[in-house]
Amino acid sequence: MTRAIAHRLDELGDAPVPRRLRVVIRDPLRAHPDAVRLYATEYLRDRGVEQPVVTVVVMSVPCPTCGSVERPGPLDPVCSSCGMPFRPIEGPAVVVGEA
Ligand SMILES: [Zn+2]
């Protein structure tokens, strides 16, 4: 997970480091919001940002078996309605942008 978010943050390149970041978790199975917030906050602090503001948004995903829309987590990867496991979402686990 940290590699995924590091990669996304590195895509910001040499642009001035923003004080506010918005991180959208596309795949809640691969990224925990607390970990994302901690990591992104430390990333900004390491680059000299004082009092960074990190907003984390977790996308809901439909259960591939019963269609129930939920927010599973890395530690809770099964549907609460039918008990079947969620599948990983294709593409990046997180998308990072300025808030
Ligand atoms: Zn289900």
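Structure first, text after, so check above.
Everything in this summary refers to the structure shown in the same document. Just so it is clear, the model here is predicted, and its values are computed rather than measured. (Residues numbered from 1 in each chain as written. Predicted model: local features only at pLDDT ≥ 70, side-chain atom pairs only at ≥ 80, totals over all residues. Heavy atoms only, no water.)

Side note on the coordination of the zinc ion
Every protein donor of the zinc ion is accounted for by Cys63 (SG), Cys66 (SG), Cys79 (SG) and Cys82 (SG), and the metal-donor separations fall at 2.3 Å. Around the zinc ion, the four donor atoms are arranged such that angles at the metal cover 106 to 115°; this shape is classified as tetrahedral. Expressed as a motif, the donor residue spacing for the zinc ion is C-x2-C-x12-C-x2-C. (Donors = N, O, S within 2.8 Å, 3.2 Å for Na, K, Ca; no water. Tetrahedral: all angles 85-135°; square planar, octahedral: opposite > 155°, others 65-115°.)

Quick look at the sheet that holds strand S5 (residues 94-98)
Each strand in a sheet pairs with its neighbour through backbone hydrogen bonds, running either in the same direction (parallel) or in the opposite one (antiparallel). Reading across from one edge, S2-S1-S5 is the order of the three strands in this open sheet, with mixed pairing throughout. On the outer flanks of this sheet lie strand S2 (53-58) and S5, each paired with one strand and no other. Across the sheet, the axes of successive neighbouring strands diverge by a mean angle of 20°, strand direction being ignored. For strand S1 (residues 20-25) and S2, the ladder comprises six bridges, and the chain directions are parallel. Looking at S2, one finds that Val23 is bridged to Val56. Taken strand by strand, helix H2 (residues 33-46) contacts S1, S2 and S5, and its axis lies near 150° from that of S2. (Pairing = 2+ DSSP bridges. Helix = DSSP H or I, 4+ residues; strand = E, 2+ residues; numbered from the N terminus. Axes fitted to C-alpha atoms, helices over the stretch in contact; angles between N-to-C directions. Contact = heavy atoms within 4.5 Å.)

A short note on the nonpolar core
Counting residues in hydrophobic clusters, the biggest one holds 16 residues, and the most contacted among them are Val23, Ile25, Val36, Leu44, Val54, Val56 and Val94. Those elements that place two or more of their residues in this core are S1, H2, S2 and S5. With four residues, H2 is the single largest residue contributor to this core. (Core = buried A, V, L, I, M, F, W, Y, C linked by side-chain atoms within 4.5 Å. Buried < 20%, exposed > 50% of the residue type's maximum accessible area, 1.4 Å probe, protein only.)

Some remarks on the pairing of S2
Residue alternation in S2 divides its side chains into a buried set, Val54, Val56 and Val58, and an unburied set, Val53, Thr55 and Val57. The parallel pair S1 and S2 is bridged by H2, and the resulting crossover is right-handed. (Right-handed = clockwise from strand over helix to strand, strands pointing away.)

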